[in-house]
Amino acid sequence: MYTQAGASMAVSEMVIAATLQAGNAASRHLASWHPQEGIRSVQLYGVRPQTLDWAVKHLVQECGVHHIDLNFGCPVRKVTAKGGGSALPLRPRLFRRLVAAAAAAAGPEVPVTVKLRMGLGPELMTFLQVS
């Protein structure tokens, strides 16, 4: 357990909002905790505002999550080729809609943070478009 190592919190592995909504057992397992763990933080990925809204509400209301960390930093080609992960800043309107949906679903008591990369590479810096 992370508290035995001196940490005050740990963030889950990446949970995909769509697979969580579909009831995927692996995703539900990643979003679960040992009863003695304190702060519950989930790293969440999604590219559809409605799905992200559902996932955040589920995590906060049903799973007792204390913090949501949106993962928009994945550099894996199969993710970025579809416009997700670190390619999301190239779609700033969608990026803003995703963050707004997650923040609204989390409510005022649950912080939402965003993990992103500076860009897709040194030749394509995108972080300023969404910062």
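The structure reproduced in this document is the subject of the present report. (Residues numbered from 1 in each chain as written. Predicted model: local features only at pLDDT ≥ 70, side-chain atom pairs only at ≥ 80, totals over all residues. Heavy atoms only, no water.)

1. Observations concerning the sheet that holds strand 4 (residues 112–116)
Argument step 1. The parallel open sheet is built from four strands, whose spatial order is 1-2-3-4. Every other strand in the sheet has two partners, leaving strand 1 (9–16) and strand 4 as the edge strands with one partner each. Looking at each pair of strands side by side, their axes are set apart by 25° on average, direction ignored.
Argument step 2. Bridge count for strand 2 (residues 39–45) against strand 3 (residues 67–72) is four bridges, and the pairing is parallel. Bridging across to strand 3, Ser41 finds its partner in His67.
Argument step 3. Lying over the sheet, helix 3 (residues 49–62) contacts strand 2 and strand 3, oriented at roughly 165° with respect to strand 2. (Pairing = 2+ DSSP bridges. Helix = DSSP H or I, 4+ residues; strand = E, 2+ residues; numbered from the N terminus. Axes fitted to C-alpha atoms, helices over the stretch in contact; angles between N-to-C directions. Contact = heavy atoms within 4.5 Å.)

2. Considering the pairing of strand 2
The side chains of a regular strand alternate between the sheet's two faces.
Argument step 1. Of all seven residues that make up strand 2, five are buried, and the element is covered over most of its length.
Argument step 2. In terms of strand pairing, strand 1 meets strand 2 through six bridges, oriented parallel. When the sheet's bridge partners are listed, Met9 is paired in strand 2 with Ile39.
Argument step 3. In this view, the connection linking strand 2 to its parallel neighbour strand 3 by way of helix 3 has right-handed handedness. (Buried < 20%, exposed > 50% of the residue type's maximum accessible area, 1.4 Å probe, protein only. Right-handed = clockwise from strand over helix to strand, strands pointing away.)

3. Structural notes on the environment of His66
Argument step 1. Position of His66 among the secondary structure elements: in the loop between helix 3 and strand 3.
Argument step 2. Using a relative accessible area of 38% as the deciding quantity, one classes His66 as partly exposed.
Argument step 3. C-alpha of His66 to C-alpha of Arg40: the two residues are 26 residues apart in sequence and 5.1 Å apart in space.
Argument step 4. The contacts of His66, once residues within four sequence positions are left out, are Gly38, Ile39, Arg40, Val110 and Pro111.

4. Structural notes on the pattern of salt bridges
Argument step 1. In the structure shown here, the tally under the stated rule is one salt bridge.
Argument step 2. Of the charged contacts, one joins Lys57 and Asp53 as a salt bridge, the two residues approaching to 3.3 Å between their closest N and O atoms. With Lys57 and Asp53 both in helix 3, this residue pair falls four residues apart, about one helical turn. (Salt bridge = Lys/Arg side-chain N within 4 Å of Asp/Glu carboxyl O.)

5. Topic: the nonpolar core
Argument step 1. Ranked by size, the top nonpolar core spans 25 residues in total, and within it Val42, Leu44, Leu52, Val56, Leu59, Ile68 and Leu70 carry the most contacts.
Argument step 2. Looking at this core, the elements with two or more residues in it are helix 1 (17–21), strand 2, helix 3, strand 3 and helix 5 (92–106).
Argument step 3. Among the elements that line this core, the one with the most residues is helix 5, at six residues.
Argument step 4. Sequence-distant contacts of Leu52, that is, excluding residues within four places in its chain, are made with Ala17, Leu44, Tyr45, Gly46, Leu70, Leu98 and Ala102. (Core = buried A, V, L, I, M, F, W, Y, C linked by side-chain atoms within 4.5 Å.)

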